[in-house]
Amino acid sequence: MSLRQSKQIPRPPLYTPEERRRRDESPWTLVQGILAPVQFVVFLVSLYLVLRYLSTGEGALAATVSIVIKTLILYTIMITGAIWEKVVFGRYLFARAFFWEDVFSMLVLALHTAYLVALATNWVDVTGQMWIALAAYATYVINAGQFLIKLRAARLEGNRNAKLAEVAE
């Protein structure tokens, strides 16, 4: 049993009512909802291509192109996500509700960017570049998990608030 559970310390809500309203009304919410699964599909294809290259030595170009596409989608979702946070929370990054997700996102961005630098400068050979991509992908999976957990928490919170509103009526 955690300290929070034993002392029944209430967890602060992810969204204030005003933030929830802004989230629900923002077109950037839909943009994030579209880009996230697109990025995940691109990730799965790219992961397959990278692993195929590392295991067979075949398909370096396809794997490289897929990593660049994945990275560009990541940059897009990070920019639009920062805009979404600004609309909903009044700041571009590190809003209270998504602070740790944003912190870890910086590592995800750094590793994807390191891949692009390695690719552009031939800092390491193709195999080394693929390993950098795999490290970037591992952090992406963790970060995506963070966001999925947060999405679930927001849904549960919304359901709880809806039930409380029904009881109050």
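Residues numbered from 1 in each chain as written. Predicted model: local features only at pLDDT ≥ 70, side-chain atom pairs only at ≥ 80, totals over all residues. Heavy atoms only, no water.

Can you explain the packing of aromatic side chains? Please cite residues and give values.
Within the structure shown, the criterion is met by 11 aromatic pairs. Measuring from ring centre to ring centre gives 5.0 Å for Phe43 and Tyr140, while their planes differ by 55 degrees; the resulting arrangement is tilted. With Phe43 in helix 3 (residues 27-56) and Tyr140 in helix 6 (residues 126-168), the pair connects residues that are 97 residues apart, well separated along the chain. In this structure, Phe43 and Tyr140 share a single accessibility class: buried. (Phe/Tyr/Trp six-rings, centres within 6.5 Å; stacked < 30°, edge-to-face > 60°. Helix = DSSP H or I, 4+ residues; strand = E, 2+ residues; numbered from the N terminus. Buried < 20%, exposed > 50% of the residue type's maximum accessible area, 1.4 Å probe, protein only.)

How would you explain the nonpolar core if you had to name every residue and give the values?
Val50, Ala63, Ile67, Leu74, Tyr115, Met130 and Tyr137 are the most contacted members of the largest nonpolar core, which totals 21 residues. Going through the elements one at a time, helix 3, helix 4 (60-89), helix 5 (99-121) and helix 6 are the ones with two or more residues in this core. Per-element tally for this core: the top contributor is helix 6, with seven residues. Setting aside anything within four residues of it in sequence, one finds Tyr115 in contact with Thr64, Ile67, Val68, Gln129, Ile132 and Ala133. (Core = buried A, V, L, I, M, F, W, Y, C linked by side-chain atoms within 4.5 Å. Contact = heavy atoms within 4.5 Å.)

Let's hear about helix 5: which residues, and what values?
Taking 1.5 Å as the rise per residue, helix 5 with 23 residues should run 33 Å; its terminal C-alpha atoms sit 33 Å apart, in good agreement. Within two residues after helix 5, Asn122 carries a phi angle of roughly 55 degrees, on the positive side. (Expected span 1.5 Å × (residues − 1).)

Give me the lowdown on the packing of helix 4 against helix 5, citing residues and values where you can.
How two helices pack is summed up by the angle between their axes together with the distance between the axes. For the pair helix 4 and helix 5, interaxial distance at closest approach is 10 Å and the crossing angle is 145 degrees. Considering how the two elements wind past one another, helix 4 and helix 5 form a crossing that is left-handed. Here helix 4 contributes Thr64, Ile67, Val68, Lys70, Thr71, Leu74, Tyr75, Met78 and Glu85 to the contact with helix 5, which in turn contributes Asp102, Ser105, Met106, Val108, Leu109, His112, Thr113, Tyr115, Leu116 and Leu119. Along the lines of polarity and charge, the residues of the contact of helix 4 with helix 5 split into 11 nonpolar, five polar and three charged. (Axes fitted to C-alpha atoms, helices over the stretch in contact; angles between N-to-C directions. Left-handed = near helix turned anticlockwise from the far one by under 90°. Nonpolar A, V, L, I, M, F, W, Y, C, P; charged D, E, K, R; others polar.)

Give me the layout of surface pockets: which residues, what numbers.
If you add up the space inside the largest pocket, you get close to 990 Å³. Around the largest pocket, the lining is made up of 34 residues, and of these Gln32, Ala36, Ile77, Phe147 and Leu151 lie nearest the centre. Of all elements in the fold, only helix 2 (17-25), helix 3, helix 4, helix 5 and helix 6 reach the threshold of two or more residues within the lining of the largest pocket. If you tally residues by element for the lining of the largest pocket, the top one is helix 6, at 11 residues. (1 Å grid on protein atoms, 1.4 Å probe; cavity = no way out; pocket = protein on both sides within 12 Å on 5 of 7 lines; lining within 4 Å. Points joined across faces, edges and corners; volume = space filled by probe spheres on them.)

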